[in-house]
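Structural overview
Residue strings, one per chain:
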Amino acid sequence: MNLNIGNSIPVATSFVKSNPAVPVYNGEENMENLYAVIYHIEIGYNKSGEQEILQYVIVDYKKYSLTEEEKKNILEIAQNYCENKGIENDKNLEIKLLDNEIAEDFLEKIFNNMKVIRGMISNE
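Residues numbered from 1 in each chain as written. Predicted model: local features only at pLDDT ≥ 70, side-chain atom pairs only at ≥ 80, totals over all residues. Heavy atoms only, no water.

**Points about the overall build of the protein**
- A count of helices and strands for the protein gives two helices and five strands.
- Burial statistics for the protein: of 124 residues in total, 27% are counted as buried.
- At a minimum sequence separation of 6, the contacts of the protein that also span at least 24 residues come to 50%.
- Of the accessible surface of the protein, which amounts to about 9500 Å², a share of 51% is contributed by carbon and sulfur atoms. (Helix = DSSP H or I, 4+ residues; strand = E, 2+ residues; numbered from the N terminus. Buried < 20%, exposed > 50% of the residue type's maximum accessible area, 1.4 Å probe, protein only. Contact = heavy atoms within 4.5 Å. Areas by Shrake-Rupley, 256 points an atom, 1.4 Å probe, with all protein chains shown as cover.)

Now the structure itself:
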């Protein structure tokens, strides 16, 4: 096998930004009452020469399974988060519940990798 590194290929993604995670408590603000965590990821890209931003708001809840009413309540909290942050509810916004172990592992790896990259940049 003879592998070589090729020339750079331009991609449409211009940035990936993770915002601070936001805890959601059921009652008083302490770890025993932690109900869910809101993750907010922004992905910037160029579309027809214009900067666009995709907004992903992902809610990881601690309970193993939720009723439809509980899911609705969590989605409302995520929508309130978006309103408070000035995020428009348009085609560039996706709000998802993290109810899949594979997806949760993937998201955890992304955030851990971003922490490592930030640490490498700040240490230089």
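Let us keep going from here.
**Topic: helix H1 (residues 68–85)**
- Here H1 spans 26 Å end to end across 18 residues, near enough to the 26 Å set by a 1.5 Å rise per residue.
- Regarding H1, the residues found buried are Glu-70, Ile-74, Ala-78, Tyr-81 and Cys-82. The buried residues of H1 all sit within an arc of 125° when viewed along its axis, so they share a single face. Of the exposed residues in H1, those oriented more than 90 degrees away from the buried face are Glu-68, Glu-83 and Asn-84.
- With its phi angle positive at about 75°, Gly-86 sits one or two positions after the end of H1. (Expected span 1.5 Å × (residues − 1). Arc of directions from axis to C-beta.)

**A word on the pairing of strand S3 (residues 34–47)**
- Burial analysis of S3 places 10 of its 14 residues in the buried class, which makes it a mostly covered element.
- Relative to S3, strand S1 (residues 13–18) runs antiparallel, the two sharing five bridges. Its bridge partner lying in S3, Val-16 is registered against Ile-43.
- Here strand S2 (residues 22–25) pairs with S3 via four bridges, running antiparallel. Paired with Tyr-25 across the strands is Leu-34, a residue of S3.
- Here 12 bridges tie S3 to strand S4 (residues 50–61), and the two strands are oriented antiparallel to one another. (Pairing = 2+ DSSP bridges.)

**Topic: the pattern of salt bridges**
- Per the counting criterion, the structure on display carries two salt bridges.
- Taking the shortest distance from any N to any O, the salt bridge between Lys-17 and Glu-42 comes out at 3.8 Å. Of this pair, Lys-17 sits in strand S1 while Glu-42 sits in strand S3, placing them 25 residues apart in sequence.
- Exposure remark for Glu-42: the relative accessible area of 11% places this residue in the buried category. (Salt bridge = Lys/Arg side-chain N within 4 Å of Asp/Glu carboxyl O.)

**Some thoughts on the environment of Ala-21**
- Relative to the assigned elements, Ala-21 resides in the loop between S1 and S2.
- Note on Ala-21: relative accessible area 43%, which makes it partly exposed.
- Residues Ala-21 and Ile-38, 17 residues apart in the sequence, show an inter-C-alpha distance of 5.6 Å.
- Here Ala-21 is in contact with Val-37, Ile-38 and Tyr-39, once residues within four sequence places are set aside.

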